[in-house]
Amino acid sequence: MNSPHYILLPVNPLFITLSFMLAFFLNFLPWGNWIAVPDFVALVLVFWSIHQPRKVGIGVAFAMGLLMDVHDAIHLGENALAYTLLSYFAITIHRRVLWFHPVTQSLHVFPLFLFVQCVQIAVRLLVAPDAHFPGWTYFSVSFVTTLLWPFVTLLLLAPQRRAVDKDDTRPI
């Protein structure tokens, strides 16, 4: 049975800001040395770069990257570079990705998350001569972030969906 196609309402810029703040605070949580903790800022950044490329773009990605650099106390510009490239490539593929179901979309965004991690590790290895490769479990973050994509899509699109049943008293 086919699911209904929704005509989405315009997104509220305040909701975009709140979603970025929530993602930023989720990255603030003290996860410790847990393996495969997703990068919530990257996840929300890709979502809004795909769904609202005119409102969330490379400038927002650069600013969020600088904030994450300061939070993580790493080389200034590492996350800024990675998030800027992430946003650029997400905007590049946004028309193609929107044709698919969220589960299939996750297959399209997985290489983006993996690429961001490769950029981050490359910057660390190039800048710090005494740095070492963290191991292959480092890339499990991309898998977990990709698994969260359908849930985040459902959650962040919820305020924009219209009701399936038409109500004559509702203006829209």
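The coordinates are above.
Residues numbered from 1 in each chain as written. Predicted model: local features only at pLDDT ≥ 70, side-chain atom pairs only at ≥ 80, totals over all residues. Heavy atoms only, no water.

1. So, the overall build of the protein chain
Here comes step 1: Within the protein chain, the secondary structure is distributed over seven helices and zero strands.
Here comes step 2: Counting helices and strands in the order they occur from the N terminus, the protein chain gives α-α-α-α-α-α-α.
Here comes step 3: The C-alpha atoms of the protein chain give a radius of gyration of 17 Å, which matches the 16 Å a tight globule of 172 residues would have.
Here comes step 4: Dimensions of the protein chain, computed from C-alpha atoms along their principal axes, come out at roughly 65 × 35 × 30 Å.
Here comes step 5: When the 172 residues of the protein chain are sorted by exposure, 40% land in the buried category.
Here comes step 6: A separation of at least 24 residues holds for 69% of the contacts in the protein chain among residues at least 6 apart in sequence.
Here comes step 7: When the accessible surface of the protein chain is split by element, carbon and sulfur atoms take 70% of a total near 10600 Å².
Here comes step 8: Here the protein chain contributes 9 positive and 8 negative side-chain charges, whose respective centroids are spaced 14 Å apart. (Helix = DSSP H or I, 4+ residues; strand = E, 2+ residues; numbered from the N terminus. Rg over C-alpha atoms; globule rule 2.2 N^0.38 Å. Buried < 20%, exposed > 50% of the residue type's maximum accessible area, 1.4 Å probe, protein only. Contact = heavy atoms within 4.5 Å. Areas by Shrake-Rupley, 256 points an atom, 1.4 Å probe, with all protein chains shown as cover. Lys, Arg positive; Asp, Glu negative; His and termini not counted. Charge placed at Lys NZ, Arg CZ, Asp CG, Glu CD.)

2. A short note on the pattern of salt bridges
Here comes step 1: Enumeration over the complete set of coordinates arrives at one salt bridge.
Here comes step 2: One salt bridge in this structure joins Glu-78 and Arg-124, with 2.7 Å as the shortest N-O distance. You can see Glu-78 sitting in helix α4 (residues 78-92) and its partner Arg-124 sitting in helix α6 (residues 102-127), a full 46 residues away along the chain. (Salt bridge = Lys/Arg side-chain N within 4 Å of Asp/Glu carboxyl O.)

3. Description of unusual backbone geometry
Here comes step 1: Phi at Ala-36 takes a positive value of approximately 70°, unusual for a residue other than glycine.
Here comes step 2: Along the chain, the position of Ala-36 falls in the loop between α1 (13-28) and α2 (40-51).

4. Some thoughts on the packing of α6 against helix α7 (residues 140-157)
Here comes step 1: Interhelical geometry of α6 versus α7 gives an angle of 145° and a closest axis separation of 8 Å. The element α6 and its partner α7 pack so that their crossing is right-handed. Counting all contacts with α6, which are made through Pro-102, Val-103, Gln-105, Ser-106, Val-109, Phe-110, Phe-113, Leu-114 and Gln-117, the residues of α7 involved are Val-141, Ser-142, Phe-143, Thr-145, Thr-146, Trp-149, Pro-150 and Thr-153.
Here comes step 2: Residue composition of the contact of α6 with α7, grouped by class: ten nonpolar, seven polar and no charged. (Axes fitted to C-alpha atoms, helices over the stretch in contact; angles between N-to-C directions. Left-handed = near helix turned anticlockwise from the far one by under 90°. Nonpolar A, V, L, I, M, F, W, Y, C, P; charged D, E, K, R; others polar.)

5. Observations concerning the packing of aromatic side chains
Here comes step 1: If you walk through the whole model with that rule in mind, you get 13 aromatic pairs.
Here comes step 2: Considering the side-chain rings of Tyr-88 and Phe-89, the 5.2 Å spacing of their centres and the 70° angle between planes classify their relative orientation as edge-to-face.
Here comes step 3: When its relative accessible area of 44% is taken as the criterion, Tyr-88 is described as partly exposed.
Here comes step 4: The partly exposed category is assigned to Phe-89, whose relative accessible area is 31%.
Here comes step 5: Considering the side-chain rings of Phe-89 and Phe-115, the 5.5 Å spacing of their centres and the 85° angle between planes classify their relative orientation as edge-to-face. One end of the pair, Phe-89, is in helix α4; the other, Phe-115, is in helix α6, with 26 residues separating them in the sequence.
Here comes step 6: Residue Phe-115 is classed as partly exposed on the basis of its relative accessible area, which comes to 32%. (Phe/Tyr/Trp six-rings, centres within 6.5 Å; stacked < 30°, edge-to-face > 60°.)

6. Structural notes on the environment of His-101
Here comes step 1: Relative to the assigned elements, His-101 resides in the loop between α5 (94-97) and α6.
Here comes step 2: Along the backbone, His-101 and Thr-153 are 52 residues apart, and their C-alpha atoms lie at a distance of 10.0 Å.

7. Some points on helix α3 (residues 58-72)
Here comes step 1: Over its 15 residues, α3 runs 20 Å from end to end, which matches the ideal 21 Å to within 8%, given 1.5 Å per residue.
Here comes step 2: Buried residues of α3: Ala-61, Met-64, Gly-65, Met-68 and Asp-69, and no others. Down the axis of α3, the buried side of the element spans an arc of 145°, and every buried residue falls inside it. Exposed and oriented more than 90 degrees from the buried face of α3 are Gly-59 and Val-70.
Here comes step 3: Residues of α3 that are buried make contact with α1, α2 and α4. (Expected span 1.5 Å × (residues − 1). Arc of directions from axis to C-beta.)

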